[in-house]
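# Structural features, examined
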Amino acid sequence: MGILIGQSLVNAVLLSGMLALVALGFSIVWGVLKIINLAHGSFIMLGAYVTFTLFSLYHVDPFLTIPVSMLALFLLGYLIQTYIVNWVIRAPLLVTFLLTFGLDIILINLALFVWQGDVRSVSPAYAGTGLTLFRDPVTSQGVQVPYVRLAAFAISLVLAGLLYLFMSYTKLGRAIQATGQDKDAAQLTGVRVAPTYALTFAIGAALAGAAGSLISVMQPFDPNMGGGYRLRAFIIVVLGGLGSIPGVILGSVLFALVDVLVGISPLAPLKDGVAFAMLVLVLIFRPTGIAGKAFY
Amino acid sequence: MSEVILATVSVSKHFGGLAAVDRVDMTLHRGEVLGVIGPNGAGKTTFVNVITNLLPITSGQVYYKGKEITSWPAHLIARLGVARTFQVVKPFKRMTVRENATVGAMYGAGGRGRSAAQAIRKAEEVLEFVGLGDQMDKQADQLTLAGLKRLELAKALAMEPELLCLDEVMAGLNLRETEAAMDLVREINRRGVTLLIIEHVMKAIVGVCQRVMVLHYGQKLAEGTPQEVLNHPLVIEAYLGQKFARRQAMGKA
Amino acid sequence: MSNLKPETPNLQSKKPMPVTRWDRLLGTRRNAVYLGACAVVLVVLLILPHMSLSGFVLTSLTTALLLAVRAQAWNFIGGYTGYAAFGNVAFYGLGAYGTAILMTKLHWPFFLAMLVGGLVATVYAVIVGLPVLRMRGQYFAIATLGVAEATRELVSSPQLSRLTAGPTGINLPFFRPAGLSGAAAAEAGSIFFYYVAMGLVVLVVLATWWLTRSKLGYSLVAIREDEDAAKMLGINTTWAKVAAFALSAFFTGLVGGHYAYWRTFILPEEVFNVRYTLEGILSAVLGGPGTILGPVVGGGIYDAVSTFLTFSKPFGIDLGQFHVTILGVFIVMVIVFLPRGVADFFGRRKLSWGMFLENVRQNRV
C-alpha cells in the first residue's frame, strides 16, 4: 500500500512537470493575446509527430529532436498568428474561439492525412529503464522512476525557468508582458503590437511542441491526442491563476496530484468529470486561482 | 417630518486594506434632493454601488423605507423602487432608444403586471419627457453623449422609482446642456421622486439640492444646506479650494 | 418644461451602420419579404417527400433540418444572451439517452419519450446552469465544454451502465408503422422522421419569435449588452440566463431524441461528440446570431457546404480525405470575413466586396 501511494506521488510529481510545460504555452497566449487557443492541443500533437518522424526515419534520439520541434512549431505559430489570428484579434471572444477551433480541425486533419490515424509511439532503447526507489528487499518491489519521465520532468523545469528569465529580464520579454497588460500603453512606448503578438503565440507554440516531443516518448499517441491536453491546460491555468508562471507550476502540481489519486480510486473512469468539477469549484470560490488575478 | 426613504448606518466598503467607504451614516427624506460631493476617489460612487448592492457591502446596514435591504440582491432593490444612473453611461448599445427605456419599464418598480406593450408605451412617455422623443428608433450607440445621458436617465425613470441616484449626470455637458439637465432634475423632483445626486458641478448642486453631504476618503466630512457646506472650512480645504471660497464670498460662484 | 432637443451633429456617424436587429427575422427591416420567402420554402419542404426523391436526399435534408434546430437552440443562450455555450452536445446526448432508455426499458411511445428526453436535458441545464452561468465569457465557454465532457463520461461510466449500457450503447426499436416492414417501412420511416424534423424547426422558430416579443427576450438582450446595467434595472439575471439555457437545452434534447429513434443506435462517443456543438454554433454564427431566422439559414448553408464537400467531386478531383480540412478552411474564412454572419449581407443596402474588407479592418490587430 505504501508503495502504491509512493508510486502515485512520484508519478504525480513527474507528470506535473510535463503538464506545466503543456499549460505554460497556453497560459501566455491567453494572458497576453487574451485568446483561448483551441489549437494548442494540435500544436502539442504536431510536436509529438515531429519527434516521431525524426526518430523513425532518421533514428534521431527523441530528446535531441526537441529543439527541432520547438523551432518548427515556433515558425508555424508565428505564421499562423501573423497571417490569420491577427486578423480577428479584436473580434469578440466567440469569433476567436471558433477561429482557433477551425485551425484545430485543419491541423488534425492534415496530420491524419500525412501520418494516418494509427496509434504511434516513440520507443528508444532506454525506454523502460529507470530507478527503483525504496526497494523492498523481500518482494523486490519499489517505486519506479523511469529515466525517460525523469528527464522529461527536468527538461520541463529547465524550459519553464528559461521562460521565466526571458519574460522577466529581457527587453522582448518585458515588451510581451507590457502588451499583455495594456496594449495601447505599450504601443505608446514603442512596442509594435503585431509582431509582439506573433512572438508570443510562437513561443506558446514552441513550448507546446516541446511538450509534444516529451509526451511522444512517454505514451502512445494519434492525431486526436490534443483534445485531452487542451482541457487540462485550461484547468491548470485557471487553478494556478492566469498571468503567473509560478501559478501554472503550482496548478500543475495540484492537478497532477488529483489526477493520479483519482486514477487509483474507484472514480477512475470519471477522471475528466472530477477535473471539471475541480474547475467549477475553483471558479466559484477562488476565481483568481492560487496565484493570479481574476480576469472576469 | 416626512418619511425617511433611505437610511444608512455605519456603511463601510473595504477593498483589501483600503476603506473606500468608511462608516457613513445618513438619512434621506421623501421628496428631498440630497447632493453628494467630494474629491475624486472620495467614495461617492462606491457608496451608491454598495447601497444598490452592485458591490457587496463590507459592514453596516442600509434601510429603505424602514425595511433593511442590506445585501438584498440588486434586482430586488431595484424593484423596490431604487434606480440609479451610471457615471460612465451604460446603454444597451444594440437596442434602440425605445427598447432601452422599455427594459426599465418592464422590470422596475412599476413593471409588475405590465405587459410588453404597456411597457413600450410607458417607455415612450418617459423618452418624450427627457427630450428623446424624436430619436426613439435610433440604435443607442448612435446617440451623442448628451443624448446618452438622457437615455440613461430615461431608463432609470421608466422604472418609476421612488429614489433616484444620479451619478455625475452633468459631466461632459456644456453650459446649455447643464441648464437643461438641471431643469429636468427639478421637474423629476417636483413629480415626487426623491433624489440623491453625486456631482462635481457646483452650480448644479447649489441650484438643485436642498441638502448636501460631503465625502472625503470614504468618510462623511460635512453635511448641511449647500450654503453651510460650501462655506465649511474643512470642505473648502479638502475639496473646493480657497479661490472658490473667495469667489463665493464675493458672490460670483 | 424640458423639451429641449439634444445637440445636433451626430459625431458618431462614422461608425458603420449596425445591421443585426434582434427582433427581426434576418436582422433587418424587410420582414414581409423574408416572411414570404419562408412561406414558399415551407411549402416546398412540405411537399418534397412526395416527389419520389432518393432516400439519400431525404436523409440529407433531415440532417440539415436537425442542424438548423440545434443552431437555433444555441441561439437562445449564445446569440440572444451573449453567453457562448460550447457544451450543448451534453443536452443532445441526454435527450438521446433519455429517449432511448424510455423506449427500450419502459416501452414508451416515441413522441412522449422524445419530449421527456428533452425535459431531462432541460432539468440538467437548470442544475448545471446555476453554478456555471455565474461565470462570464471565456470561462463560461470552457466550463460548458467541461460539462459536456463530464456528462459523456458519466453516461458511459460503469457505475451507470445498468441504466445506460455504458460504452456499448443502446439499440432502439425500429420504426414500424402498422403493417409495413422492410423497404416500405424504411421509406415510410424517412418521410416520418423528415416531417418530425420539420416540425421541430417550426417549433423552435416560433419559440424564438415569441421570445423576441416577450419580457424575457428583452431581458436577455439587455444582459448581453450590459449585465450590470440589466441588474440595476431590476432584471433577475440569474433566472433569465437559466431560462435561456433551459430553452436551449430543451430543443437540443429534442433533436437528440429524434436522432436516437432515427438511427436506432446510440453510442456515447457519438451523441456526446463535441463536433455537434461546434456545427451548431458555426451555423448560428454563419447565419447571424441574435436574429430569428439567421441560425436556420446558417444551418442550411453549412449543411449544404458540408455535404457538397463530402460527396461531390468538383473538377473531377476526389476531395475525400480533405473534405474536413476544407471545411476547417471554410470556417476560418467565414470567421475572418463575415464575423456577424450572413445576416450581415441582408442588412446592407449595397453589397460590395468592400464589406468583407471592412469586417476585417474592424477586427484586425
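Position numbers for residues count from 1 along each chain, tracking the sequence in the order it is written. Here chains are named by letter from A upward and ligands by number from 1 upward, in the order in which they appear as written. Local features in a predicted model are, by the rule used here, given only for residues with pLDDT of at least 70; side-chain atom pairs are given and counted only at 80 or more, and totals for whole chains, interfaces and linings are based on all residues.

### Things to note about the overall build of chain A
Note the cut-off: Here a helix means four or more residues in a row that DSSP labels H or I, a strand means two or more in a row labelled E, and each is numbered from the N terminus. The globule rule used here is 2.2 Å times the number of residues to the 0.38 power, and the radius of gyration it is set against is calculated over C-alpha atoms. A residue is called partly exposed when the number of other C-beta atoms within 10 Å of its own lies between 12 and 20, exposed at 12 or fewer, and buried at 20 or more, with C-beta atoms placed from the backbone.
Counting its secondary structure elements, chain A contains eleven helices and two strands. Ordered by position in the sequence, the α and β elements of chain A form the string α-α-α-α-β-β-α-α-α-α-α-α-α. Expected size for 296 residues packed as a compact globule is a radius of gyration near 19 Å; at 19 Å, chain A falls within 12% of this value. Each of the three principal axes of chain A carries a C-alpha extent, and together these read 70 × 50 × 35 Å. Looking at the 296 residues of chain A, the share that counts as buried comes to 53%.

### Focus on the sheet that holds strand β10 (residues 219–224) of chain B
All names here are of chain B. Using the following cut-off: Two strands form a pair only when DSSP identifies at least two bridges running between them. Orientation is described by axes fitted as lines to C-alpha atoms, over the contacting stretch for helices, and by angles from 0 to 180 degrees between their N-to-C directions.
The sheet built from six strands is open, its strands ordered β6-β7-β8-β3-β9-β10 with mixed pairing. Strand pairing shows two members of the sheet lacking a second neighbour, β6 (82–84) and β10, which therefore form its edges. Sheet twist, expressed as the average angle between the axes of neighbouring strands with direction ignored, equals 20°. Relative to strand β9 (residues 211–216), strand β3 (residues 33–37) runs parallel, the two sharing four bridges. Counterpart to Leu34 in the pairing with β9 is Arg211.

### Here's the deal with the interface of chain C and chain B
Applicable threshold: Whether two residues are in contact is decided by their C-beta atoms, placed from the backbone, lying within 7 Å. Each residue gets one of three labels, nonpolar for Ala, Val, Leu, Ile, Met, Phe, Trp, Tyr, Cys and Pro, charged for Asp, Glu, Lys and Arg, and polar for the others, Gly among them.
Taken together, the contact pairs 30 residues of chain C with 36 residues of chain B. Mapped onto the side of chain C that touches chain B, the elements with two or more residues apiece are α8 (215–225) and α9 (227–232) of chain C. A total of six residues in the side of chain C that touches chain B trace back to one element, the largest contributor, which is α8 of chain C. Taken together, the residues that form the side of chain C that touches chain B break down as 13 nonpolar, nine polar and eight charged.

### Some points on helix α5 (residues 145–158) of chain B
Residue and element names in this part refer to chain B. Condition: Expected span of a helix, by definition, is 1.5 Å for each gap between consecutive residues, and there is one gap fewer than residues.
Taking 1.5 Å of rise per residue, the 14 residues of α5 would be expected to cover 20 Å, and the 20 Å separating its terminal C-alpha atoms lies within 8% of that figure. Most of α5 is tucked away, with 13 of its 14 residues classed as buried. Where α5 ends, the next residue or the one after it, Glu160, has phi of about 55°, a positive value.

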